[in-house]
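# Examination of the molecular architecture
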Amino acid sequence: MEERLQKILSRYGIASRRKAEEMISAGRVTVNGRVALLGSSADADLDDIRVDGVPLGREPEAVYLMLNKPRGYVTTVSDEQGRKNVSELVQDCGGRVYPVGRLDLYSEGLLLMTNDGEFANRIMHPKKEIEKKYLVWVSGYREGCEETLRQPIEIDGRMTQPAKLRLLSRKDETALFEFVIHEGRNRQLRRLCEAAGLRVT
């Protein structure tokens, strides 16, 4: 069955869809001896698909991991700054897996990792609106800051969707909030707290 080339490369664990698109655009992918174009389709069972001249091989068995990500690790496969990354924690899992979504360097908690690009895309795509729950300790709490926390903020030129919010506990200026969001934009919750004058601890 024919399908988009980037989807095939993702399913075979070569790269994420976005990275696969970059590889295709760079002319690194061929189908039956011809350089593929972005948007090309192929049949992985019938066509000779190669990346940098190397055939795809067999489709890998799907791997799904639940990682309790510790603080101090970046959510990436490799880091140009040489920081510790989550791939180091699962390098002996038997295959190449990559993170589904992200938690920033100082955050900890559940992080899914897989080699199943279709699954990862379903979980991460904003159109699916899959909710993610975060517990966030803050300092600097004051009455009424919840109103600001429920407002959209601008990140990279686009407004976020409003977060669902619950105050779980409070002692003086320290508070624990539950946030539910479905986007997960870059440092979204930390930026939201900063806008409300709070410091994430």
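Our structure is the block above this text.
Read on for a plain summary of the structure. A quick note: this is a predicted structure, and the numbers were derived from the prediction, not measured. (Residues numbered from 1 in each chain as written. Predicted model: local features only at pLDDT ≥ 70, side-chain atom pairs only at ≥ 80, totals over all residues. Heavy atoms only, no water.)

## Examining the packing of aromatic side chains
Heads up, the condition is: Between 30 and 60 degrees the pair is tilted, below 30 it is stacked and above 60 it is edge-to-face, where a pair is any two Phe, Tyr or Trp rings, Trp via its six-membered ring, whose centres lie within 6.5 Å. A helix here means a DSSP run of H or I that spans at least four residues, while a strand means a run of E at least two residues long, and both kinds are numbered starting from the N terminus.
Across all of its chains, the model carries three aromatic pairs by this definition. When the centroid spacing of 5.2 Å and the interplanar angle of 85 degrees are considered together, the rings of Tyr64 and Phe119 count as edge-to-face. Placement of Tyr64 in strand S7 (residues 64-69) and of Phe119 in helix H3 (residues 117-124) is noted, with a sequence separation of 55 residues between them. Ring centres of Phe177 and Phe179 lie 6.0 Å apart, and the angle between their planes is 55 degrees; this geometry places the pair in the tilted category.

## Topic: the environment of Gly184
Assignment of secondary structure puts Gly184 in the loop between strand S14 (174-181) and helix H5 (188-195). Along the primary structure Gly184 and Glu2 are separated by 182 residues, whereas in three dimensions their C-alpha atoms are 32 Å apart.

## Let's talk about the side chain of Thr160
Condition: Throughout this description, buried means an accessible area under 20% of the type-specific maximum (1.4 Å probe, protein chains only), exposed means over 50%, and partly exposed covers the range between. Any two residues whose heavy atoms approach within 4.5 Å at even a single point are treated as in contact.
Take Thr160: it is sitting in the loop between strand S12 (158-159) and strand S13 (164-171). On the basis of relative accessible area, Thr160 is assigned to the buried category, the value being 5%. Setting aside chain neighbours within four positions, we find Thr160 in contact with Pro152, Ile153, Ile155, Glu183, Arg185 and Gln188.

## Structural notes on the sheet that holds strand S10 (residues 132-139)
Heads up, the condition is: Strand pairing requires that DSSP identify at least two bridges connecting the strands. Axis lines are fitted through C-alpha atoms, for helices just across the contact stretch, and the angle between N-to-C directions can take any value from 0 to 180 degrees.
Reading across from one edge, S13-S14-S10-S15 is the order of the four strands in this open sheet, with antiparallel pairing throughout. If you trace the sheet from one side to the other, it starts and ends with S13 and strand S15 (199-200), each paired once. Pairing of S10 with S15 involves two bridges; the strand directions are antiparallel. Each bridged residue has a counterpart across the sheet, and for Val138 the counterpart in S15 is Val200. H5 rests against S10, S14 and S15 of the sheet, and its axis sits at about 130 degrees to S14.

## Examining the sheet that holds strand S9 (residues 109-114)
Sheets are built from strands paired through backbone hydrogen bonds, the pairs being either parallel or antiparallel. In spatial order, the strands read S7-S9-S8; together these three strands make up an open sheet with antiparallel pairing. On the outer flanks of this sheet lie S7 and strand S8 (98-100), each paired with one strand and no other. Strand-to-strand twist across the sheet, computed as the mean angle between neighbouring axes with direction ignored, equals 45 degrees. As defined by bridge partners, S8 adjoins S9 across three bridges and the pair is classed as antiparallel. By the bridge assignment for S9, Pro99 is matched with Met113.

## Some remarks on unusual backbone geometry
Here Asn32, not a glycine, exhibits a phi torsion of approximately 55 degrees, which is positive. Looking at the element boundaries, Asn32 is found in the loop between strand S2 (29-31) and strand S3 (34-35). Positive phi values are uncommon outside glycine, yet Asp52 reaches one of about 55 degrees. The topology assignment puts Asp52 in the loop between strand S5 (49-51) and strand S6 (54-55).

## Describing the nonpolar core
We count it as follows: To define a nonpolar core, start from buried Ala, Val, Leu, Ile, Met, Phe, Trp, Tyr and Cys residues and group those joined through side-chain atoms within 4.5 Å.
Judged by nonpolar contacts, the single largest core of 18 residues is most densely connected at Val138, Leu149, Phe177, Phe179, Leu192, Cys193 and Leu198. Residues in contact with Leu192, not counting those within four places in the same chain, are Thr148, Leu149, Gln151, Ile153, Ala163 and Phe179. Counting 16 residues, the second-largest nonpolar core is a separate cluster that includes Leu9, Val29, Val31 and Leu56.

## Looking at the pairing of S9
As defined by bridge partners, S7 adjoins S9 across six bridges and the pair is classed as antiparallel. For Leu67, the partnering residue across the bridge sits in S9 and is Leu111.

## Details of the pattern of salt bridges
Opposite charge on two side chains allows them to pair when their charged atoms are near. Selection criterion: For this analysis, a salt bridge means a side-chain nitrogen from Lys or Arg found within 4 Å of a carboxyl oxygen belonging to Asp or Glu.
A full pass over the atoms with the stated rule returns 15 salt bridges. The residue Arg11 makes a salt bridge to Glu59 at a minimum N-O spacing of 2.9 Å. With Arg11 in helix H1 (residues 5-11) and Glu59 in the loop between S6 and S7, this pair connects stretches of sequence that are 48 residues apart. Taking the relative accessible area as the measure of exposure, Glu59 reaches 40% and is therefore partly exposed. Between Lys164 and Glu131 there is a salt bridge, with the nearest N and O atoms lying 2.4 Å from each other. Within this pair, whereas Lys164 is found in strand S13, its partner Glu131 is found in the loop between H3 and S10, the two being separated by 33 residues in sequence.

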